[in-house]
Amino acid sequence: MLIEAILQAVTAVLVAVGLFFFLVGTVGVLRLPDFYSRTHAATKCDTLGAGSILLGLAVLGASRGDYTDGLKVLVIAVLVLLSSPTAAHALARAAFRTGLEPYTLPEARGGEDR
Amino acid sequence: MKRIAVIAVLVAAFVPLAAAVAQLPTFGEASNPTNTYLVPRYLQKGPEEAGAANVVTDVILNYRGYDTNGEVVVIFTALIAALATLLVRPKQMAATPPGDDAPRSPIVSFVVKAIAPFIAVFTVYLVLHGHLSPGGGFQGGTIFGALIILLSLTLGHKYGLSLLPERSRPWLQAAAVLAFIAVGLLGWALCGAYLAYPSYSQLEWVREGWLIALEIGIGVGGAAIFATVFWTMEAEP
């Protein structure tokens, strides 16, 4: 009974952390200045946000004794953690190879403003 | 003058359609024939009458089998149209497209190679399990087509093409249509109507076999068509 309550509390914390990263990632996609930094923000949603929420759901499954469901959720989490950074890497690499320049501060560019 | 004629034609087409829509029963009304007769029949007798535990599969492949047959032909026709309008010859498709020799990211190649077998197994699972749970030929075929596209992007155009050998490719592209024609004609010969299924409970395994044949045909055909459309667009200058 106590263990169940503790596991549910852990779930709540993990899901809250995941939601926080989703919020931050969404703000980042809307507010950051260029393609590279926005890609970086969007990847945070998938890795830390979805990863943490899925981990929380697996713990919730374990607290109810649904170990198979928890395991399935963990497998989904592994897939997300593998595929999402890879996709972000491929996107950024393709953008860099086609010559998209990263955003730099006006001072660093010698004062001229775009 | 031309504009007035167009408006006149549109109005002439719109009025009877609007009149017909006005006579339709209210959407979602509990006394509609769909709710009083059709849906309860599907839900209660579907698995027993149509042969699949998943009601969606029952409706798609048995109750409305003709509709799905037409749909499959439409997808195949779309492929023919794409091939005809983009004017890509088989030789052009076999040639490596521009950018194919660019250095590949080792990270992407490694992750794709690691995940690809799992995607392939998932495809087979979806196609065969559509019988019992959500899934089926269309879903499985879409994912398999995406897998072929993914492999030909990351491991090279040649490798992707080798997954669908040139000699068997036309047959694979037509697999869905051919599966429907085969099952339909078998139904005609054995049960008296195109795409009819045996209704005796002793012949349940025949019915299951036909449903699985249709699912596999739809899956293989869909995947081959998606991959070919991708390669066609890639080869287009």
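The structure under discussion appears in the preceding block.
This is a predicted model, so every value here is computed, not measured.

Side note on the overall build of chain B
Consideration 1: For chain B, the count of helices and strands is 11 helices and zero strands.
Consideration 2: Relative to the globule expectation of 18 Å for 237 residues, the C-alpha radius of gyration of chain B, 22 Å, shows a markedly less compact shape.
Consideration 3: C-alpha extents for chain B along the principal axes are approximately 70 × 65 × 35 Å.
Consideration 4: Looking at chain B as a whole, 36% of its 237 residues are labelled buried.
Consideration 5: For chain B, the share of sequence-separated contacts (at least 6 apart) that also reach a separation of at least 24 residues comes to 68%.
Consideration 6: Per element, the accessible surface of chain B, about 14200 Å² overall, is 72% carbon and sulfur.

Describing the packing of aromatic side chains
All names here are of chain B.
Consideration 1: With the rule as written, the count across this model stands at five aromatic pairs over all chains.
Consideration 2: With 4.5 Å between their ring centres and 25° between their planes, Y42 and Y63 make a pair best called stacked. Here Y63 lies in helix 3 (residues 55-63) and Y42 lies in helix 2 (residues 33-50), a separation of 21 residues in the sequence.
Consideration 3: The class of Y42 is buried, set by a relative accessible area of 14%.

So, the interface of chain A and chain B
Consideration 1: Counting residues at the interface gives eight residues for chain A, matched by eight residues for chain B.
Consideration 2: On the chain A side of the interface with chain B, the three residues burying the most area are T86, H89 and R93 of chain A, jointly 56% of the side's total.
Consideration 3: Connecting chain A to chain B are zero salt bridges.
Consideration 4: Along the contact surface separating chain A from chain B lie two residue pairs in polar contact (both at pLDDT 80 or more).
Consideration 5: Looking at the side of chain A that touches chain B residue by residue, the classes come out as three nonpolar, three polar and two charged.

Looking at helix 1 (residues 2-31) of chain A
Residue and element names in this part refer to chain A.
Consideration 1: With 30 residues, helix 1 should cover 44 Å at 1.5 Å per step; its first-to-last C-alpha distance of 43 Å lies within 8% of that length.
Consideration 2: Of the positions making up helix 1, those classed as buried are T11, L14, G18, G25 and G28.
Consideration 3: Where helix 1 is buried, its residues meet helix 2 (35-63).

Quick look at unusual backbone geometry
Consideration 1: Positive phi values are uncommon outside glycine, yet L195 of chain B reaches one of about 65°.
Consideration 2: Locating L195 of chain B in the fold gives a position in the loop between helix 10 (175-191) and helix 11 (204-235).

With respect to the nonpolar core
Generally speaking, nonpolar side chains in soluble globular proteins are found buried as a group.
Residues and elements named next belong to chain B.
Consideration 1: Ranked by internal contacts, the top residues of the largest apolar core, which has 15 residues, are L61, V72, F180, Y197, L214 and I218.
Consideration 2: Elements that contribute at least two residues to this core include exactly helix 10 and helix 11.
Consideration 3: Ignoring sequence-local partners within four residues, the contact set of I218 consists of L61, T68, V72, G137, F138, A176 and F180.

Considerations on a nonpolar patch on the surface
Residues and elements named next belong to chain B.
Consideration 1: A cluster of nonpolar side chains, namely V124, L128, I212, I216 and V220, defines an oily patch on the protein surface of about 360 Å² accessible area.
Consideration 2: Going through the elements one at a time, helix 6 (106-129) and helix 11 are the ones with two or more residues in the nonpolar patch.
Consideration 3: Top contributing element to the nonpolar patch by residue count: helix 11, with three residues.
Consideration 4: Note that V220 resides in helix 11.
Consideration 5: Given the relative accessible area of 32%, V220 is considered partly exposed.

A short note on the environment of V73 of chain A
All names here are of chain A.
Consideration 1: Its location among the elements puts V73 in helix 3 (residues 67-97).
Consideration 2: Along the backbone, V73 and G99 are 26 residues apart, and their C-alpha atoms lie at a distance of 39 Å.
Consideration 3: Once you skip the residues sitting within four places of it in the chain, V73 turns out to touch L54, L57 and A58.

Calculation rules
Residues numbered from 1 in each chain as written. Chains lettered and ligands numbered in written order. Predicted model: local features only at pLDDT ≥ 70, side-chain atom pairs only at ≥ 80, totals over all residues. Heavy atoms only, no water. Helix = DSSP H or I, 4+ residues; strand = E, 2+ residues; numbered from the N terminus. Rg over C-alpha atoms; globule rule 2.2 N^0.38 Å. Buried < 20%, exposed > 50% of the residue type's maximum accessible area, 1.4 Å probe, protein only. Contact = heavy atoms within 4.5 Å. Areas by Shrake-Rupley, 256 points an atom, 1.4 Å probe, with all protein chains shown as cover. Phe/Tyr/Trp six-rings, centres within 6.5 Å; stacked < 30°, edge-to-face > 60°. Buried area = accessible area lost by both parts, 1.4 Å probe. Salt bridge = Lys/Arg side-chain N within 4 Å of Asp/Glu carboxyl O. Polar contact = N/O pair within 3.5 Å; in protein donor to acceptor, adjacent residues only side chain to side chain. Nonpolar A, V, L, I, M, F, W, Y, C, P; charged D, E, K, R; others polar. Expected span 1.5 Å × (residues − 1). Core = buried A, V, L, I, M, F, W, Y, C linked by side-chain atoms within 4.5 Å. Patch = residues over 30% accessible without salt bridge, like charges linked within 9 Å, V, L, I, M, F, W, Y side chains within 5 Å.

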